[in-house]
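Notes for the structure review
Here is how the chains run, residue by residue.
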Amino acid sequence: MDNTDMKQIQWFPGHMAKTRRLITANLKLVDAVVEIVDARTPLSSRNPEMDRLTAGKPRLVLLNKSDLADDRAAQMWINYFRNSGAEALAVDCKSGKGLKNVLPTVRTKVLAELMEKRERSGMSGAPVRLMIVGIPNVGKSSLINKLAGGKRAKVEDRPGVTRTKQWVKLDGNVELLDMPGVLWPKFEDQEAAIRLAFTGAISDDILDIETLAMKLLKYLAEEYPQSLRERYKIEFDGSESGIELLERVGRKRGMMISGGEINTERAAITVIDEFRSGKLGRITLEMPQKKEK
Ligand code: G4P
């Protein structure tokens with residue numbers, strides 16, 4: 001991928017330091033960490049320091065938005081995380097699919113040792129405390145709402161907006177620590193940043209929408225050609241450039257501007273919107289065997 005046309009993504013060093021401190025300070029209050037990632041971009045949507053920050057704590061990785069991701073890839077990612085020492089599950093916090101497995105997995109797998117120890121020492125009545133972490137927009141509020149079984153107000157997750165940490169009590173003697181502070185994604189890796197822009201996890205302005213759509217179309221032509229053919233009824237053999245693919249989509253959809261030119265901006269908006277809403281099918285943007293940079 002040629003990234004020379006990308007603007008560097010800015011973040012706030014002071015904010016990062018504060019979030020790091022918060023995680024470290026609160027880690028001793030919890031038994032395990034539940035890390036939410038986007039099933040379409042399981043590595044790119046992780047905070048790059050998460051392993052180091054939570055070292056030593058049992059971990060459950062939730063591959064959220066699995067309704068939008070490729071099932072086969074999700075299974076590969078589950079194996080990947082299990083091989084790296086965490087437990088992992090695919091969930092969909094919009095419909096609630098897979099969520100009934102979360103707390104049983106925590107008790108019987110993630111915290112099996114602790115549960116046995118508590119049982120032996122007559123402490124089995126102690127609450128299970130979990131820290132929920134994840135980059136913005138990955139589905140933390142949706143998860144907590146679903147697990148808590150009620151509507152909680154969405155708390156703004158933006159740099160500069162202060163909120164306090166809160167414990168959310170669930171049935172079954174479980175308490176969730178909803179952390180304040182924004183966990184930054186893998187923004188220093190430009191390939192990862194592009195994947196996050198595809199899903200809308202980071203601002204579209206890191207790349208103009210047409211460049212973004214062209215890169216997505218190239219990826220789809222390579223990895224999910226059938227989805228692309230079915231959705232847009234276009235022909236291609238994989239040798240086409242991104243702009244050629246984008247023009248084919250625009251032409252098929254009748255997106256013309258005066259003079260017979262194709263409105264590639266409209267076509268790009270359509271492709272990105274349709275990808276994000278799942279109309280192109282269930283698509284994963286990175287696979288475990290492709291080595292992390
Ligand atoms: P956050 O707290 O981590 O920032 O994420 P939040 O729960 O606010 O979720 C961000 C967006 O992702 C929301 O969409 C939410 O509905 C959507 N989302 C969360 N989990 C899933 C999932 O498993 N599948 C799908 N398809 N979407 C999910 P939004 O457009 O911001 O709001 P709305 O559509 O809920 O109104």
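Residues numbered from 1 in each chain as written. Predicted model: local features only at pLDDT ≥ 70, side-chain atom pairs only at ≥ 80, totals over all residues. Heavy atoms only, no water.

Quick word on the packing of helix 8 (residues 209-223) against helix 10 (residues 242-252)
What counts is decided by this rule: In this description, a line fitted to the C-alpha atoms serves as the axis of each element, helices being fitted only across the stretch in contact, and the angle between N-to-C directions of two axes falls anywhere from 0 to 180 degrees. The way it works is that DSSP assigns letters per residue, a run of H or I at least four long becomes a helix, a run of E at least two long becomes a strand, and they are numbered from the N terminus. Reported orientations rely on four angle classes, namely roughly parallel under 35 degrees, roughly antiparallel over 145, roughly perpendicular from 65 to 115, and oblique for the rest. Any pair of residues with heavy atoms lying within 4.5 Å of one another is described as a contacting pair. Note on residue categories: nonpolar means Ala, Val, Leu, Ile, Met, Phe, Trp, Tyr, Cys or Pro, charged means Asp, Glu, Lys or Arg, and polar means any other residue, Gly included.
Two elements in contact, helix 8 and helix 10, have axes whose closest approach is 8 Å; the angle formed by their N-to-C orientations is 95°. On the basis of their axis angle, the class for helix 8 and helix 10 is roughly perpendicular. For the pair helix 8 and helix 10, contact is made by Glu-210, Ala-213, Met-214, Leu-217, Lys-218 and Ala-221 and by Gly-242, Ile-243, Leu-245, Leu-246 and Val-249, respectively. Across the contact of helix 8 with helix 10, the residue classes tally to eight nonpolar, one polar and two charged.

Topic: the nonpolar core
What counts, and what does not: Definition used in this section: a nonpolar core is a set of buried Ala, Val, Leu, Ile, Met, Phe, Trp, Tyr and Cys residues joined via side-chain atoms within 4.5 Å. When accessible area is computed with a 1.4 Å probe and restricted to protein chains, residues below 20% of their type maximum are described as buried, those above 50% as exposed, and intermediate ones as partly exposed.
Membership of the largest hydrophobic core comes to 60 residues, with the highest contact counts inside it found for Leu-176 and Leu-228. Take this core: its biggest share by element is eight residues, from helix 8. Grouped together as the second largest cluster of nonpolar side chains are 14 residues, Val-30, Leu-53, Met-131 and Met-179 included.

Examining the sheet that holds strand 4 (residues 128-133)
What counts is decided by this rule: A pair of strands is labelled paired if DSSP reports no fewer than 2 bridges between them.
If you walk across this open sheet you meet the six strands as 3-2-1-4-6-5, and the pairing is mixed. Across the chains shown, the open sheet's two edge strands, defined by having one partner strand only, are strand 3 (87-90) and strand 5 (166-170). Averaged over all neighbouring strand pairs, the angle between strand axes comes to 25°, with direction disregarded. Looking at chain direction, strand 2 (residues 59-64) and strand 3 are connected through four bridges and run parallel. In the sheet register, Leu-62 faces strand 3, and the bridge partner there is Leu-89. Set on the sheet, helix 4 (residues 102-110) makes contact with strand 1 (32-38), strand 2, strand 3, strand 4, strand 5 and strand 6 (174-178); between it and strand 2 the angle comes to about 150°.

A closer look at the site of the ligand
In plain terms, the rule: One heavy atom within 4 Å of a molecule or strand makes the whole residue count as near it. Any pair of nitrogen or oxygen atoms within 3.5 Å is treated as a polar contact; in protein, a donor-acceptor pairing is required on top of that, and neighbouring residues in sequence qualify only through side-chain atoms on both sides. Surface accessibility in these figures is a Shrake-Rupley result with a 1.4 Å probe; residues are shielded only by whichever protein chains are displayed.
Taken together, 16 residues lie around the ligand, and Asp-67, Cys-93, Asn-137, Ser-141 and Ser-142 are the ones closest in. Within the contact set of the ligand, an oxygen atom lies 2.8 Å away from a backbone nitrogen or oxygen of Asn-137. Within the complex, the protein chains bury 68% of what would otherwise be the 710 Å² of accessible surface of the ligand.

It is worth stressing that arrangement in space is one thing and function is another; only the former is reported here.
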